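Report on the structure
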Amino acid sequence: MIKSATILATVIMFFVFGSVLAKDLYLLNISSSNGLKAALSIVDHARGRLGVDFVVELDSAQVERLTAAGLAPRLIAANMNLDRIYILSPESRAAQKSAISFQPLAYVEDNYLVELDESSVDVARKDGFMAVRLSGRETPLFYNPPMVMVGFEDFFPLDTLADYVSQDSLYSYDTRLEQFYTRYYSTDSIIAARDYIMDKFMEFGYDEPGVNVGIDTFYFNGYPCHNVMCLKEGTTEPDKIIVIGGHYDSYNGETSPLIYAPGADDNASGTAVAMELARIFKNVETKKSILFAAFSAEEVGLVGSEVMAYRMYQQGVDVECMLNFDMVAYNPDEDDNVTLFNGASPVYSYVMRDAAYRVSSLLPALQGASSGSDHASFDSYGFLVSYAQEGEFNTPGWHTNIDISSRLNFPYFEQVVRMAAAAVGHIDIAAGATPIDEVYDGGDGQSLRLVWNNCISNYTYKVLMGTESQVYTDTMDVTPGDCFYDVTGLTTGQTYYFAILAINSDGIGPLYMIENSGVSYVEPRMPQDIALEPQYQKLYISWAPNMELDLNHYRLLRRVEGGSWSVLADNVTESQYEDLTAYGHVMYEYRLLAVDNDMIVSDSSAVVQGMAATFDYPLLFVDETGTGGINPSETAQAAFYDSVFGELPYETFAVGTDPDRISRVEAGQYKSMFWFDDDLSVKRFSNSQDTVDWYLDYNTNFCLAGWQTIYYLTGGMQMYPGDFAYDNLGISEADINTDFDFTGATGQNGWPNLQTRSTTFGGLLPSITIMQPVPGAEVILTYNSSSGNPGFDGQPVGIAYDTGGGKRIALGFPIYHLTESSAAALMARIGDYFAIEPFIYYGDVNGDESINILDVIYIINYLYRGGPAPLQLNLADVDASCNITILDVTYLINYLYRGGPQPQPGCVE
């Protein structure tokens with residue numbers, strides 16, 4: 001059971017909107033659970049949703065993988081600054097004072113993705129649109145399976161709560177909030193409004209600050225903002241939360257919200273709904289917990305509700321639904337119309353509609369999805385929502401100084417709150433919807449096992465089944481206490497659809513059911529999602545478990561690339577395997593078979609390949625510098641780096657085009673890595689960042705240098721523990737000087753001075769990143785400013801950081817545009833710091849720095865044909881026997897062509 005203080009604490013946390021630069025944006029549609037699984041293996045979050053599509057940032061490699069998985073992402077904008085990208089949605093169709101005046105990058109119905117500057121955001125807001133910025137948002141990818149509404153008997157015991165709604169109370173809340181003159185997010189008066197709301201919650205009896213009343217403080221544009229929350233804890237299902245919310249900030253777009261923004265309808269009315277329901281429900285025993293929330297900063301982009309939804313998602317709070325109320329007190333005629341919007345599913349709008357018919361004079365109209373108010377934040381995190389708005393939109397008063405209480409219709413307002421009270425009561429008494437979490441194949445072609453994890457002890461369950469989606473022809477009772485059901489008598493290869501009808505201890509069923517499906521076969525299924533990860537001196541193979549009850553084991557096969565298959569492991573019962581026998585520097589391939597109890601073998605899985613990590617080669621140089629323009633040719637780059645690396649032994653890996661990215665297999669062979677990004681514009685480090693994250697988890701060394709690279713990596717924001725730049729590069733914050741001003745750097749603590757080459761911009765380089773170190777990191781280079789700019793001159797441009805698990809260097813400037821002599825001095829110093837030593841290639845008998853058939857021939861010539869002796873005899877003693885014999889020839893052949901162990905250090909000399 002989650003206690004009140006714990007629930008409240010999960011949503012009272014710090015939240016900051018950040019800056020993200022230069023991304024390619026795509027729309028991604030996920031229409032199945034398998035599609036979701038495939039998407040999550042490639043991209044871990046979205047930036048919100050446009051209609052039913054997710055807005056995601058992708059590199060070309062991710063696009064390629066998603067396309068191969070059948071998900072077909074659609075490009076909408078390339079190389080965009082997310083700080084300038086917004087989702088525009090009308091707060092109401094009636095609120096639109098003009099058609100959208102911006103060219104959209106993409107749109108779905110009334111939702112638009114647009115690029116805007118700050119002045120255009122204000123224009124859009126005045127034209128009746130909610131503008132939500134993409135940067136700083138990391139919303140999840142999710143899939144909502146089919147939901148089937150469940151009809152209720154005429155039993156609604158908590159409808160009587162509607163009779164406790166007080167028009168006088170609503171009037172007092174609304175007029176008091178109006179009297180704060182303005183409740184714009186950056187004003188002092190919204191603080192007073194915050195205190196008034198909190199005091200009222202405590203007056204109702206929620207009098208334990210931090211337990212059932214709290215303030216969630218966050219920051220927007222440098223101003224502290226505050227969500228006010230009041231929690232009523234449930235009795236039998238307290239972990240399930242019903243969120244009831246409305247924003248309490250106000251906005252006047254005709255004059256200034258700083259001058260006068262009474263906001264009696266928008267949205268003192270919605271805030272009053274949350275307050276009145278908190279009063280009514282205080283002494284009512286409810287099964288589920290109810291969180292009454294007043295959001296701040298809605299008018300500037302749904303900021304307060306985004307904070308709360310994000311934190312509830314991150315903390316895994318079980319949100320039953322979010323009911324949002326925004327502008328619900330204006331009605332100029334006799335028709336009590338009310339509009340109900342929804343998110344991904346209309347299920348809770350149906351509940352609100354039915355409650356309106358039962359207890360009010362309202363005429364509800366379902367208008368489908370909307371993104372113009374606080375419910376949209378919760379919808380973006382996969383929570384189910386409903387949003388109530390007055391049927392005759394308050395166009396004359398909306399965002400003006402005549403949005404005052406004297407223009408509102410309080411008898412109508414009372415009817416809206418009656419609907420809300422009955423709806424919340426109905427949601428509370430209903431049993432929770434029960435998803436079927438797993439469907440196992442019996443393996444006999446005629447049976448399936450259904451398993452649900454959300455199993456409540458005092459519930460009883462029925463299984464509904466049919467051969468068409470959402471059409472159920474059979475009902476089966478589940479044995480009390482069981483959280484599974486075995487369905488038998490099925491037809492081999494036929495798809496069946498299932499739903500669980502849960503009934504609580506009061507004999508009441510759910511509001512809706514969640515559908516799943518399954519097929520029974522005789523043969524075991526081909527193993528899916530096989531994946532390989534290099535680890536130190538081993539390879540880790542994993543796969544999705546076969547959902548089959550008669551699965552006996554898996555059989556894993558291996559071969560050296562291009563060789564013959566052999567069984568590596570049989571009788572594997574887990575969905576993972578560690579190959580501890582993989583030799584270093586040998587490429588292996590794997591495939592998997594499933595075997596059932598009758599020893600029937602499945603088709604083979606896909607083939608995966610990889611090489612164990614050894615981290616023993618000295619240095620990998622990752623060259624991200626492009627060609628053309630001010631960028632040098634490949635020939636010039638190669639000559640420069642070959643010169644400045646001097647005696648450092650290195651191999652080069654190029655990421656010069658967008659699909660290029662370094663793999664764990666490649667990175668895992670090297671003790672040290674230099675990543676240089678010496679062109680000014682295109683940035684590709686993010687394509688490989690997951691590999692670099694993995695690499696830095698080992699005792700390895702890493703140097704990152706480039707033109708704006710580190711600034712792009714940090715977004716120019718303050719870094720904290722858990723951020724890549726903080727943990728791995730020792731950077732706490734970064735800034736950039738775009739002026740042509742950098743002439744080089746002054747070395748600190750024994751590091752060399754650096755000079756820029758005069759052939760690039762006359763030796764004055766722009767866009768150089770300065771950095772501040774974290775505790776324990778060391779400044780090694782400082783900025784030399786041609787102009788003496790006090791904001792940058794003498795500031796750190798180079799940081800060294802010994803993590804205890806490897807050494808790191810971050811450089812805020814390009815290497816190629818330094819003078820050759822100073823760049824060489826810097827590389828030599830980094831080589832010393834990383835302790836890079838030449839690698840001895842045992843088995844490289846002829847000295848060409850590779851091991852191949854020529855080395856085999858060299859030993860044979862030496863042993864039997866009078867050929868020259870190896871310059872170092874130990875290089876030919878590859879079996880470490882302290883003698884050079886034909887056994888060393890055999891050893892090399894096995895290593896090169898049969899997956900044998902790598903050559904060993906000899907002991908002849």
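Residues numbered from 1 in each chain as written. Predicted model: local features only at pLDDT ≥ 70, side-chain atom pairs only at ≥ 80, totals over all residues. Heavy atoms only, no water.

1. A word on the pairing of strand β28 (residues 551-560)
For β28 and strand β31 (residues 588-596), the ladder comprises nine bridges, and the chain directions are antiparallel. From the neighbouring strand, arginine 555 faces β31, where its bridge partner is leucine 593. Direction of pairing for β28 relative to strand β29 (residues 566-572): antiparallel, over a ladder of four bridges. By the bridge assignment, arginine 558 is partnered in β29 with serine 566. Where β28 folds back onto β29 in an antiparallel hairpin, the turn is made up of five residues, including glycine 562, whose phi is positive at roughly 85°. (Pairing = 2+ DSSP bridges. Helix = DSSP H or I, 4+ residues; strand = E, 2+ residues; numbered from the N terminus.)

2. Observations concerning helix α4 (residues 118-126)
For α4, the full list of buried residues reads Ser120, Val121, Ala124 and Arg125. For α4, the arc enclosing every buried residue in end-on projection is 145°, short of the 170-degree limit, so these residues lie on one face. In the core, the buried residues of α4 are packed alongside β5 (85-90) and β8 (129-133). Just downstream of α4 lies glycine 128, where phi reads positive at about 105°. (Buried < 20%, exposed > 50% of the residue type's maximum accessible area, 1.4 Å probe, protein only. Arc of directions from axis to C-beta. Contact = heavy atoms within 4.5 Å.)

3. What to know about the pattern of salt bridges
By the definition in use, this model includes 26 salt bridges. In this structure, lysine 37 engages aspartate 529 in a salt bridge whose closest nitrogen and oxygen atoms are separated by 3.9 Å. You can see lysine 37 sitting in helix α2 (residues 33-40) and its partner aspartate 529 sitting in strand β26 (residues 528-535), a full 492 residues away along the chain. Take lysine 37: its relative accessible area is 45%, and that puts it in the partly exposed class. On the accessibility criterion, aspartate 529 (46% relative accessible area) is partly exposed. For the salt bridge of lysine 200 with glutamate 203, the shortest nitrogen-to-oxygen distance reads 3.0 Å. With a gap of three residues between them, lysine 200 and glutamate 203 both fall in helix α6 (residues 189-203), about one helical turn apart. A cluster of three or more residues bridged by salt bridges with shared partners is formed by Lys240, Lys288, Asp318 and Glu320. (Salt bridge = Lys/Arg side-chain N within 4 Å of Asp/Glu carboxyl O.)

4. So, the side chain of aspartate 741
Residue position: aspartate 741 is located in the loop between β37 (731-737) and β38 (742-747). One polar contact links aspartate 741 to asparagine 737, side chain to side chain, over a distance of 3.3 Å. Not counting residues within four places of it along the chain, the set of residues in contact with aspartate 741 comprises Leu764, Leu765, Tyr783, Asn784, Ser785, Ser786, Ser787 and Asn789. (Polar contact = N/O pair within 3.5 Å; in protein donor to acceptor, adjacent residues only side chain to side chain.)

5. Concerning the environment of glutamate 589
Mapped onto the elements of the fold, glutamate 589 is located in strand β31. The buried category is assigned to glutamate 589, whose relative accessible area is 10%. Between the C-alpha atoms of glutamate 589 and tryptophan 565, which are 24 residues apart in sequence, the distance is 8.8 Å. Filtering out sequence-adjacent residues up to four positions away, glutamate 589 remains in contact with Leu557, Arg558, Arg559, Glu561, Gly562, Trp565, Val607, Val608 and Gln609.

6. Things to note about the state of the cysteines
Within the structure shown, the criterion is met by two disulfides. Note that cysteine 455 is cross-linked by a disulfide to cysteine 483, the S-S spacing being 1.8 Å. Across the S-S bond of cysteine 455 and cysteine 483 the torsion is about -85°, and the bridge reads as left-handed. Pair noted here: cysteine 455 is in the loop between β19 (448-451) and β20 (460-466) and cysteine 483 is in the loop between β21 (474-477) and β22 (484-487), with a separation of 28 residues, a long-range link. A residue is classified by how much of its surface remains accessible, and cysteine 455, at 29% relative accessible area, is partly exposed. Paired by a disulfide, cysteine 882 and cysteine 907 hold their sulfur atoms 1.9 Å apart. In this structure, the disulfide formed by cysteine 882 and cysteine 907 twists by about -110° around the S-S bond and is classed as left-handed. Of this pair, cysteine 882 sits in the loop between α18 (853-864) and α19 (886-897) while cysteine 907 sits in the segment after α19, and the two are 25 residues apart along the sequence. Residue cysteine 882 is classed as partly exposed on the basis of its relative accessible area, which comes to 36%. (Disulfide = S-S within 2.5 Å.)

7. Some words on unusual backbone geometry
With an omega of 5°, the peptide bond between aspartate 266 and asparagine 267 qualifies as cis. Residue placement: asparagine 267 occurs in helix α7 (residues 264-281). At asparagine 221, a position not held by glycine, the phi torsion is positive, near 55°. With respect to the helices and strands, asparagine 221 occurs in the loop between β10 (213-220) and β11 (223-232).

8. Some details on the packing of aromatic side chains
Taken as a whole and assessed by the stated rule, the structure comprises 53 aromatic pairs. Geometrically, the ring pair formed by phenylalanine 685 and phenylalanine 702 is tilted, given 6.4 Å between the ring centres and 35° between the ring planes. Placement of phenylalanine 685 in the loop between β35 (670-677) and α14 (689-696) and of phenylalanine 702 in strand β36 (residues 701-706) is noted, with a sequence separation of 17 residues between them. As far as burial versus exposure is concerned, phenylalanine 685 and phenylalanine 702 are alike and both buried. A connected cluster of aromatic rings, assembled from ring pairs, spans Phe621, Phe640, Tyr641, Phe645, Tyr650, Phe674, Phe676, Trp751, Tyr816, Tyr833 and Phe834. Over the ring of tyrosine 833 we find lysine 807; its NZ or CZ atom is 4.6 Å from the centre of that ring. (Phe/Tyr/Trp six-rings, centres within 6.5 Å; stacked < 30°, edge-to-face > 60°. Lys NZ or Arg CZ within 6 Å of the ring centre and 35° of its normal.)

9. A short note on the environment of asparagine 227
Following the sequence through the fold, asparagine 227 ends up in strand β11. Residue asparagine 227 is classed as buried on the basis of its relative accessible area, which comes to 0%. With 66 residues separating them along the chain, asparagine 227 and alanine 293 place their C-alpha atoms 7.0 Å apart. Excluding anything up to four places from it in sequence, asparagine 227 contacts Gly214, Ile215, Asp216, Phe218, Ala294, Phe295, Ser296, Gly304, Val307 and Met308.

10. Some remarks on the side chain of histidine 45
With respect to the helices and strands, the residue histidine 45 is situated in the loop between α2 and β2 (49-50). Side chain to side chain, histidine 45 and aspartate 44 meet in a polar contact 2.7 Å long. In this structure, histidine 45 is in contact with Val56, Glu57, Glu138, Thr139 and Leu141, ignoring residues within four places of it in sequence.

11. Overview of the nonpolar core
Counting 74 residues, the largest nonpolar core has Phe201, Leu277, Phe292, Tyr348 and Met419 as its most contacted members. Here this core gets 13 residues from one element, more than from any other, and that element is helix α11 (residues 410-429). With 38 residues, the next largest nonpolar core counts Phe621, Phe676, Phe813 and Ile836 among its residues. (Core = buried A, V, L, I, M, F, W, Y, C linked by side-chain atoms within 4.5 Å.)

12. Notes on helix α3 (residues 60-68)
All of the buried residues along α3 are Ala61, Gln62, Val63 and Leu66. Positioned one or two residues after α3, glycine 70 has a phi angle of 85°, which is positive.

13. So, the sheet that holds strand β30 (residues 576-579)
The strands making up a sheet associate through hydrogen bonds between their backbones, and the pairing can be parallel or antiparallel. Ordered in space as β26-β27-β30, the three strands form an open sheet in which the pairing is antiparallel. Each edge of the open sheet carries a strand with a single partner, namely β26 and β30. In this sheet, adjacent strand axes meet at a mean angle of 15° when their direction is disregarded. Two elements, β26 and strand β27 (residues 538-544), share six bridges in a ladder whose sense is antiparallel. Looking at the pairing, proline 534 lines up with leucine 539 of β27. (Axes fitted to C-alpha atoms, helices over the stretch in contact; angles between N-to-C directions.)

14. Some thoughts on a nonpolar patch on the surface
Judged by side-chain polarity, Ile853, Leu854, Ile857 and Tyr897 come together as a nonpolar surface patch covering roughly 380 Å² of accessible area. At three residues, the largest contribution of residues to the nonpolar patch is made by α18. Its location among the elements puts isoleucine 853 in helix α18. Overall, the relative accessible area of 38% leaves isoleucine 853 in the partly exposed class. (Patch = residues over 30% accessible without salt bridge, like charges linked within 9 Å, V, L, I, M, F, W, Y side chains within 5 Å. Areas by Shrake-Rupley, 256 points an atom, 1.4 Å probe, with all protein chains shown as cover.)

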